[in-house]
Amino acid sequence: MKKMSILLAALLVVMLAVAGAMPWGLPAAEDLVSGPTTREDGATLVAENRWFLSRIYTLREGLVSEVYAESRIRDGAESRIARAAALENGACFVRVLGDGADWELVKLENGQAELLHKDTFENEVTVTGLQFRDGSYWITALGTNGAIYVYEYNGAGEFALRMLLPAWWLSGTETAEYDGEVIDLEKPFARITM
């Protein structure tokens, strides 16, 4: 009887691992990356991080038309998609590695991922926004101290911190996203124009 119980428990663990790794089922709300984005052609992009895979779904009229999937293990470290944004004919996303200090900006076209830039955040941050505008990628991050960091990457391969809004300016901010002109905030202000 004891051997049967152990065998059943092991079988259950294997079944759960397989279910988490396989592409079965609809995305679970707790696995979705916040901030779905819409392309010019009307397609909506939604990113998801499951146990072993990260995915970006392309939805048209409420149906999944394309799926990009990648392993969450990269160079021996755990990875996840932190934010995705729409491009004219594809998508881009920020992939964070390990504890989130190391990250990669990735362009996705025709199901192929191209690494654009790889870097390390100097401060402990959470990526809350990603936008593409006028040839530049804008990454917005919220620091553990409440400060907002805005980084710019342009097509020429240059990457720099472009803006830092100190925490005392933005008490209580939960999320922020810069689009090249305006920072949209969850709290305490609706928008800051830069």
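Residues numbered from 1 in each chain as written. Predicted model: local features only at pLDDT ≥ 70, side-chain atom pairs only at ≥ 80, totals over all residues. Heavy atoms only, no water.

A word on the overall build of the protein
Assigned secondary structure in the protein consists of one helix and 16 strands. Every one of the 194 residues in the protein was classed for burial, and the buried ones make up 39%. Counting only contacts in the protein whose residues sit at least 6 apart along the sequence, the fraction spanning at least 24 positions is 31%. When the accessible surface of the protein is totalled, it reaches about 11300 Å², and 54% of it is carbon and sulfur. (Helix = DSSP H or I, 4+ residues; strand = E, 2+ residues; numbered from the N terminus. Buried < 20%, exposed > 50% of the residue type's maximum accessible area, 1.4 Å probe, protein only. Contact = heavy atoms within 4.5 Å. Areas by Shrake-Rupley, 256 points an atom, 1.4 Å probe, with all protein chains shown as cover.)

Some points on the pairing of strand β11 (residues 136–143)
Among the eight residues in β11, eight count as buried, and that is most of the element. Side chains Ser136, Trp138, Thr140 and Leu142 of β11 all project onto a buried face; the interleaved residues Tyr137, Ile139, Ala141 and Gly143 project onto the opposite face, where all are buried too. Direction of pairing for strand β10 (residues 125–133) relative to β11: antiparallel, over a ladder of eight bridges. Looking at β11, one finds that Phe132 is bridged to Tyr137. Where β10 folds back onto β11 in an antiparallel hairpin, the turn is made up of two residues, including Asp134, whose phi is positive at roughly 50°. In terms of strand pairing, β11 meets strand β12 (residues 148–154) through seven bridges, oriented antiparallel. Among the inter-strand pairings, Thr140 is bridged to a residue of β12, identified as Val150. Connecting the antiparallel pair β11 and β12 is a turn made up of four residues, with Gly146 showing a positive phi of about 95°. (Pairing = 2+ DSSP bridges.)

Quick look at the environment of Leu142
Structurally, Leu142 is set in strand β11. Taking the C-alpha atoms as reference points, Leu142 and Val127, separated by 15 residues in sequence, lie 6.4 Å from one another.

Comments concerning the packing of aromatic side chains
A full pass over the atoms with the stated rule returns ten aromatic pairs. Centre to centre, the rings of Trp51 and Phe52 are 6.5 Å apart; their planes meet at 85°, and the pair counts as edge-to-face. Ring geometry for Phe121 and Tyr151: centres 5.4 Å apart, planes at 50°, overall tilted. Of this pair, Phe121 sits in the loop between β9 (112–120) and β10 while Tyr151 sits in strand β12, placing them 30 residues apart in sequence. A relative accessible area of 7% places Tyr151 in the buried class. (Phe/Tyr/Trp six-rings, centres within 6.5 Å; stacked < 30°, edge-to-face > 60°.)

Comments concerning the pattern of salt bridges
Overall, the coordinates contain 15 salt bridges when judged by the stated rule. Salt-bridge contacts for Glu104 lead to Arg95; the nearest nitrogen and oxygen are separated by 2.3 Å. The burial state of Glu104 is the same as that of Arg95; both residues are buried. Close ionic contact of Arg133 with Glu181 constitutes a salt bridge, the shortest N to O distance being 2.9 Å. Of this pair, Arg133 sits in strand β10 while Glu181 sits in the loop between β14 (176–178) and β15 (182–185), placing them 48 residues apart in sequence. Given the relative accessible area of 28%, Arg133 is considered partly exposed. Overall, Glu181 belongs to the partly exposed group, its relative accessible area being 42%. Among the charged side chains, a salt-bridge network with shared partners connects Glu70, Arg74, Arg95, Glu104 and Lys118. (Salt bridge = Lys/Arg side-chain N within 4 Å of Asp/Glu carboxyl O.)

A short note on the nonpolar core
In terms of nonpolar packing, the biggest core is built from 20 residues, with Val94, Trp103, Leu105, Leu130, Tyr137 and Ile139 touching the most fellow members. The set of elements that each furnish at least two residues to this core consists of β6 (77–87), β7 (90–97), β8 (102–109), β10, β11 and β12. The residues touching Val94, leaving out its near neighbours within four places in the chain, are Arg80, Ile81, Ala82, Arg83, Trp103, Glu104, Leu105, Val127, Leu130 and Ile139. (Core = buried A, V, L, I, M, F, W, Y, C linked by side-chain atoms within 4.5 Å.)

Here's the deal with the confidence of the model for the protein
Model confidence for the protein is summarised by a mean pLDDT of 83, while 82% of its residues fall at 70 or above. Across residues 187–194, confidence stays below pLDDT 50; counting only partners more than four residues off in sequence or on other chains, it has 27 contacts. (pLDDT = per-residue confidence, 0-100.)

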